[in-house]
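One letter stands for each residue in the lines below.
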Amino acid sequence: MSSQAPIGVFDSGIGGITVVKELISRLPNEKIIYYGDTARVPYGNKSANTIVTYSRQIAHFLIDQGVKAIVIACNTASAIALEVLRRELPVPVIGVVVPGARAAAQASKNKKIGVIATRATINSCIYEAYLQKTNPDTEVYKQACPLFVPLVEEGWIHDDITKQIIHRYIDGLLAKGIDSLVLGCTHYPLLAETIAEVVGKGITLVNPAYECAKDFKLVLEENELLNDVSSQPVHEFFVSDGPVPFAKFANSILGEGTILPENVLIKCFE
Ligand code: DGL
């Protein structure tokens, strides 16, 4: 496999663009082929079987595009489908959960860690499995926050109602004395400022997207796949529905004009 080949990145929708942002800043020479499953989002309320089926379809599509490695830029798909994809695919695959959990383990001093995520990620128990394997004394307090995804997609980032909903979900975790909080869904970093306001200064917010990009660079290096030829890659974006709102949202994160709506292609699966 050539180190000049693109990398594949996928998410259930648009949240994975937060991971793309970190990848572009850390790996500027890498061309990205992104797939956002905007027609079938959210994954967070679906069964494990469905999440694995969807993830497989997308990963095989990315392999057909010639990618040299894949980033699962979705906590839910990482929690449920990472091991299956690693077994099946001929390229390295990395998810966002392990880098995020490791960063939380490093950040926490009192070993009381909060995790917020979709229902599927919370029910998979993957964060506490990793954190307690790292340190059996770690106490993990978790909360599914299904309303955060639509709030972000609606652009209600700093609204009072958003603050109230954050309180409703997170106050129980704060009462347990957590000193760090994992933003275990790719949409949540977009609410980070507002969450930080609500939880106050004493709590470290952990963004798995940032940690994942750091780890992915190491994976490329270890596999001699890092593209060190200076280039200005033209990234490609595929969605299963709604290329115009996708481009608008993605540009609000990556910078206006980064993606032209006409360059976002539609690809659906049977
Ligand atoms: N991208 C998903 C995640 O990171 C959130 C949206 C969904 O439920 O599909 O878990």
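Just so we're clear, the structure is a prediction, and the values are computed from it rather than from any experiment. (Residues numbered from 1 in each chain as written. Predicted model: local features only at pLDDT ≥ 70, side-chain atom pairs only at ≥ 80, totals over all residues. Heavy atoms only, no water.)

Caption draft 1: Quick peek at the overall build of the protein. Helix and strand counts for the protein stand at 11 helices and 10 strands. On C-alpha atoms alone, the protein measures out to a radius of gyration of 18 Å, which is about the 18 Å that the 2.2 N^0.38 rule sets for 270 residues. For the C-alpha atoms alone, the extent of the protein along its principal axes is close to 50 × 35 × 35 Å. Every one of the 270 residues in the protein was classed for burial, and the buried ones make up 52%. Taking the contacts inside the protein whose residues are at least 6 apart along the sequence as the reference set, 76% of them involve residues at least 24 apart. Element-wise, carbon and sulfur atoms account for 51% of the exposed surface of the protein, whose accessible area totals about 11900 Å². (Helix = DSSP H or I, 4+ residues; strand = E, 2+ residues; numbered from the N terminus. Rg over C-alpha atoms; globule rule 2.2 N^0.38 Å. Buried < 20%, exposed > 50% of the residue type's maximum accessible area, 1.4 Å probe, protein only. Contact = heavy atoms within 4.5 Å. Areas by Shrake-Rupley, 256 points an atom, 1.4 Å probe, with all protein chains shown as cover.)

Caption draft 2: Local environment of the site of the ligand. Around the ligand there are 13 residues in total, and Asp11, Ser12, Tyr43, Gly44 and Thr76 lie nearest to it. Gly44 has a polar backbone atom sitting 2.9 Å from an oxygen atom of the ligand. With respect to the ligand, the side chain of Thr76 contributes an N or O atom lying 2.6 Å from an oxygen atom. A total of 300 Å² of accessible area belongs to the ligand in isolation, and the protein chains cover 99% of it. (Near = heavy atom within 4 Å. Polar contact = N/O pair within 3.5 Å; in protein donor to acceptor, adjacent residues only side chain to side chain.)

Caption draft 3: Representation of the side chain of Glu30 in the model. Mapping Glu30 onto the fold places it in the loop between helix 1 (17-26) and strand 2 (32-36). A polar side-chain atom of Glu30 sits 2.5 Å from a polar atom in the side chain of Lys68. If we ignore the near neighbours within four places in the chain, the residues touching Glu30 are Ser3, Ala5, Ile7, Lys68, Leu220, Leu225, Leu226, Asn227, Pro233 and His235.

Caption draft 4: Broad picture of the environment of Glu193. By the secondary structure assignment, Glu193 is in helix 9 (residues 192-199). Between the C-alpha atom of Glu193 and that of Gly114, which follows or precedes it by 79 residues, the distance is 17 Å.

Caption draft 5: Examining unusual backbone geometry more closely. In this structure, Pro42 follows Val41 across a cis peptide bond, with omega equal to 0°. Residue position: Pro42 is located in the loop between strand 2 and helix 2 (48-64).

Caption draft 6: Main features of the sheet that holds strand 6 (residues 139-144). Reading across the sheet, the four strands line up as 6-5-7-8 and stay open at both edges, with parallel pairing between neighbours. The open sheet has two free edges, formed respectively by strand 6 and strand 8 (204-206), since each of these has just one partner strand. Looking at each pair of strands side by side, their axes are set apart by 20° on average, direction ignored. (Pairing = 2+ DSSP bridges. Axes fitted to C-alpha atoms, helices over the stretch in contact; angles between N-to-C directions.)

Caption draft 7: Highlighting the nonpolar core. Of all hydrophobic cores here, the largest spans 53 residues; its most connected members are Ile116, Phe148, Ile195 and Phe246. For this core, the leading source of residues is helix 11 (residues 243-254), giving six residues. Setting aside chain neighbours within four positions, we find Phe148 in contact with Ile116, Ile165, Ile166, Tyr169, Tyr188, Leu191 and Ile195. Core analysis: the next-biggest nonpolar cluster, separate from the first, contains 22 residues, Phe10, Ala59, Leu85 and Val91 among them. (Core = buried A, V, L, I, M, F, W, Y, C linked by side-chain atoms within 4.5 Å.)

Caption draft 8: Broad picture of the sheet that holds strand 4 (residues 93-95). Strand order in the open sheet made by the six strands is 4-3-1-2-9-10, with parallel pairing throughout. Single-partner strands in this sheet number two, and they are strand 4 and strand 10 (264-266). Ignoring which end each strand starts from, the neighbouring axes of this sheet average 20° apart. As defined by bridge partners, strand 2 adjoins strand 9 (residues 236-239) across four bridges and the pair is classed as parallel. Residue Ile33 lies in a different strand from strand 9, and its bridge partner there is Glu236. Sitting on the sheet, helix 2 touches strand 1 (7-11), strand 2, strand 3 (70-72) and strand 9, and the angle it makes with strand 1 is about 155°. Each of strand 1, strand 3 and strand 4 touches helix 3 (residues 75-88); the most contacted strand, strand 4, lies at about 165° to it.

Caption draft 9: Molecular detail of the packing of aromatic side chains. Inspection of the entire model under this criterion finds 10 aromatic pairs. A centroid spacing of 5.9 Å and a plane angle of 45° characterise the contact between Tyr34 and Phe237, whose relative ring orientation is tilted. Of this pair, Tyr34 sits in strand 2 while Phe237 sits in strand 9, and the two are 203 residues apart along the sequence. Each member of the pair, Tyr34 together with Phe237, is buried. For the pair Tyr35 and Phe269, a centre-to-centre distance of 5.4 Å together with 50° between the ring planes defines the contact as tilted. Placement of the pair is Tyr35 in strand 2 and Phe269 in the segment after strand 10, with a sequence separation of 234 residues. Of the aromatic side chains, those joined through ring pairs into one cluster are Tyr35, Phe61, Phe238 and Phe269. For the cation-ring pair, Arg26 lies above Tyr210, with the distance from its terminal atom to the ring centre recorded as 5.5 Å. Taking NZ or CZ as reference, Arg40 lies 3.6 Å from the ring centre of Tyr54, over its face. (Phe/Tyr/Trp six-rings, centres within 6.5 Å; stacked < 30°, edge-to-face > 60°. Lys NZ or Arg CZ within 6 Å of the ring centre and 35° of its normal.)

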